Amino acid sequence: MLNSNAYMKVVKARVLYDGDAEKRDVYIGFDSDTIRYVGSRKPEGDLIAEGFVLPGIIDGHSHIGMARSGEPSREDEANEQMDSLYPLVNALHSVYMDDPAFGESVENGVLYSTVLPGSGNVIAGKGVLIRNFEENIRNAFVQDIGIKAALGYNPRSTTEWKGKRPTTRMGAVALLREQFIKAAKTKKLLQSGKKVPEEVEPLTEVFMDILDGKTKMMVHLHKEDDAMILLSLIQEFGFKAVLNHGLDIDSERAFRTIKENGVPVVYGPMDSFPYKVELKHESWKNAEKLVRSGVKFCMMSDHPVILQRNILYTIRHFVRFGLSKAEAVSKLTLEAAQILGVNGLGAVKRGYKASFSLWNGDPFDITSHPVLVVAEGKTVYQE
């Protein structure tokens, strides 16, 4: 046995998908909220379970807790309708942690959610990463993720809402450019001493932070042409962005262009119904083009578009098109953390948070299910 702390808890992984590799017959030791050991020799400590192990799944884009199970659609809080450009909105402030969907997600090993405002606005507000297993939003909050923006059909489909509203895609882009130009000019005025910080409006401050690289943009879009608009805006203003969705893109060349411009993708929701015209090219077969392009991507549920508890099943498409099981798991775990800018999550490795699920069989077998879920060192589900 290896010398270790006597209070360390240990699980044995017959197979471990650690976030970027597959390992067999290894032990995982953890204390408090941190993994202390991963290796082939059993460390000192209490062996509490044995099975197949995955890191805690991270949903890259959802509306869980805002669009809540068992509540009528009029109670949905994903979109604030007061204005088309309002980045001061914070998704965290419309999340209720008593949404039953959280418990179902945890039981299926989905431990973290990126919660974003909806896509009815050009700028919808701030997105956050939360812990699915906590009882209130104060304890659930992990970190800010970025500012949600939307291109394409959705922001021009909400003209009946309040505020200044675009009726065309070019109108939505113009509203964005107006704010970026204003922020750039304000920066110059501050640098020259012609303006003092106290004179800057809060909305402009947000766009200045985006221009300075302090805040990235999580940009909703589906079609290739809207993706090219995003790349043009990035070239013009130099901000950081993550493309969210991209389901209608059916060209490997387009995905390669996105990759060449350094833009990662939060892809999905796969296995959802293509309910609008801008999804007419949507197909599970587009996953092959995404994989072959080499663009960096992770997965989303867009909950409740597909139920977050089922997000693991969507990665079967990528295994069909050439990814190994370990590589596919990474799209829900370590690569999700990297794209979102989150440290210490998404892997079962020494020094990472002890957040993982242990299954009674291979998670890629439809008959398997989790029998133990550990979240930051605490057992949050056990069969």
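Residues take numbers from 1 onward in each chain, read along the sequence in its written order. At least 70 in pLDDT is required for a residue's local features to be given in this predicted model, at least 80 for side-chain atom pairs to be given and counted, and no such filter applies to totals for whole chains, interfaces and linings, which use all residues. As a rule here, side-chain values cover all heavy atoms of the structure and leave hydrogens and water aside.

A. Geometry of the packing of aromatic side chains. Aromatic rings from Phe, Tyr and Trp, taking only the six-membered ring of Trp, are treated as a pair when their centres fall within 6.5 Å; an angle between ring planes under 30 degrees marks them as stacked, one over 60 as edge-to-face, and anything in between as tilted. Under the criterion given, the structure shown has 10 aromatic pairs. Considering the side-chain rings of F255 and Y267, the 6.4 Å spacing of their centres and the 75 degrees angle between planes classify their relative orientation as edge-to-face. One end of the pair, F255, is in helix α6 (residues 252–260); the other, Y267, is in strand β11 (residues 265–267), with 12 residues separating them in the sequence. Here F255 matches Y267 in class, with each residue buried. For the ring pair W284 and F321, a centre distance of 5.8 Å and an interplane angle of 20 degrees mean the geometry is stacked. Here F321 lies in the loop between α8 (316–320) and α9 (325–330) and W284 lies in the loop between β11 and α7 (286–293), a separation of 37 residues in the sequence. Members of the aromatic cluster, connected to one another through ring pairs, are F180, F207, F237 and F239. Criterion for a charge above a ring: Arg CZ or Lys NZ at most 6 Å from the ring centre, at most 35 degrees from the ring normal. Positioned above the aromatic ring of F297, the side-chain terminus of K331 is 4.0 Å from the ring centre. Think of it this way: any DSSP run of H or I at least four residues long counts as a helix, any run of E at least two long counts as a strand, and we number them from the N terminus. Three labels apply to residues, based on accessible area from a 1.4 Å probe with only protein chains included: buried if under 20% of the type maximum, exposed if over 50%, partly exposed otherwise in between.

B. Region of the structure containing the pairing of strand β2 (residues 22–31). Paired strands, in this sense, are two strands between which DSSP finds at least two bridges. Examined bridge by bridge, strand β1 (residues 9–17) and β2 share eight bridges and lie antiparallel to one another. Paired with Y17 across the two strands is E22, which belongs to β2. Here β1 hands over to β2 after four residues, with G19 in that stretch at a positive phi of 125 degrees. Looking at chain direction, β2 and strand β3 (residues 34–39) are connected through five bridges and run antiparallel. Across the sheet, F30 pairs through a bridge with I35, a residue of β3. Turn length for the β2-β3 hairpin, with the two strands adjacent in sequence and antiparallel, is two residues, and the turn residue S32 shows positive phi of about 50 degrees.

C. Quick peek at the nonpolar core. Counting residues in hydrophobic clusters, the biggest one holds 64 residues, and the most contacted among them are M217, F239, Y267 and F318. Sequence-distant contacts of M217, that is, excluding residues within four places in its chain, are made with I123, I147, A149, L176, F180, I210, F239, K240, A241 and V242. In this structure, M218, I339, L340 and V342 belong to the second largest nonpolar core, which totals 21 residues. Definition of nonpolar core: a set of buried residues of the types Ala, Val, Leu, Ile, Met, Phe, Trp, Tyr and Cys, connected through side-chain atoms within 4.5 Å. Any pair of residues with heavy atoms lying within 4.5 Å of one another is described as a contacting pair.

D. Structural view of unusual backbone geometry. The residue after G268, namely P269, is reached through a cis peptide bond having omega 5 degrees. Look at the link from H303 to P304: it is a cis peptide, with omega at 15 degrees. In this structure, P304 sits in the loop between β12 (297–299) and α8. Positive phi, normally seen in glycine, also occurs at S32, with a value near 50 degrees. Looking at the secondary structure, you find S32 in the loop between β2 and β3. Its relative accessible area of 57% is what places S32 among the exposed residues. At D302, a position not held by glycine, the phi torsion is positive, near 55 degrees. Relative to the helices and strands, D302 resides in the loop between β12 and α8. The class of D302 is buried, set by a relative accessible area of 9%.

E. Inspection of the side chain of K216 at higher detail. Residue placement: K216 occurs in the loop between α4 (202–211) and β9 (217–221). The charged side chain of K216 is buried without a salt bridge, its nearest counter-charge being D144 at 10 Å. Separated by 2.8 Å, the side chain of K216 and the backbone oxygen of L340 make a polar contact. Charge counting follows a simple rule: Lys and Arg are positive, Asp and Glu are negative, and His as well as the terminal groups are ignored. For salt bridges, the criterion is a side-chain nitrogen of Lys or Arg within 4 Å of an Asp or Glu carboxyl oxygen. Polar contacts, as counted here, are pairs of nitrogen or oxygen atoms within 3.5 Å of one another; within protein the pair requires one atom able to donate a hydrogen and one able to accept it, and residues that are adjacent in sequence qualify only if both atoms are side-chain atoms.

F. Structural detail: the sheet that holds strand β10 (residues 241–245). Read from one edge to the other, the open sheet built from eight strands follows the order β5-β6-β7-β8-β9-β10-β11-β12, with strand pairing classed as mixed. The two strands at the open ends of the sheet, each matched to only one other strand, are β5 (57–62) and β12. Neighbouring strand axes in the sheet, compared pairwise and without regard to direction, differ in orientation by 25 degrees on average. Summarising the sheet, β9 and β10 pair through five bridges and their orientation is parallel. Directly across from L221, in β10, lies its bridge partner H245. Axis definition: a line fit to C-alpha positions, over the contact stretch in the case of helices; interaxial angles, taken between N-to-C directions, run 0 to 180 degrees.

G. Molecular detail of the sheet that holds strand β4 (residues 46–55). Strand order in the open sheet formed by seven strands is β3-β2-β1-β4-β13-β14-β15, with mixed pairing between adjacent strands. Of all strands in the sheet, those with a lone pairing partner are β3 and β15 (378–382), marking the two edges. For this sheet the average axis-to-axis angle between neighbouring strands, irrespective of direction, equals 35 degrees.

H. How the structure looks around the environment of T114. Structurally, the position occupied by T114 is in strand β6 (residues 110–115). Judged by relative accessible area, which is 0%, T114 ranks as buried. For the pair T114 and L340, spaced 226 residues apart in sequence, the C-alpha to C-alpha distance is 8.5 Å. Not counting the four nearest positions on each side in its chain, T114 is found in contact with D59, G60, H61, S62, V128, L129, I145 and L340.

I. Broad picture of the confidence of the model for the protein chain. Mean pLDDT over the protein chain stands at 96; residues scoring 70 or higher make up 98%. Note that pLDDT drops below 50 for residues 1–5; the model gives that stretch 13 contacts with residues more than four away or on any other chain. As a per-residue quantity, pLDDT reports the predictor's confidence and falls between 0 and 100.

J. Inspection of the packing of helix α3 (residues 169–191) against α4 at higher detail. Closest axis-to-axis distance for the α3/α4 pair is 9 Å, and the angle between their directions is 85 degrees. By the angle between their axes, α3 is roughly perpendicular relative to α4. Taking contact as the criterion, the partners of L176, Q179, F180, K182, A183, A184, T186, K187 and L190 in α3 are, on α4, L203, T204, F207, M208, I210 and L211. Looking at the contact of α3 with α4, its residues break down into 10 nonpolar, three polar and two charged. Our angle categories are set so that under 35 degrees counts as roughly parallel, over 145 as roughly antiparallel, 65 to 115 as roughly perpendicular, and the remainder as oblique. Each residue gets one of three labels, nonpolar for Ala, Val, Leu, Ile, Met, Phe, Trp, Tyr, Cys and Pro, charged for Asp, Glu, Lys and Arg, and polar for the others, Gly among them.

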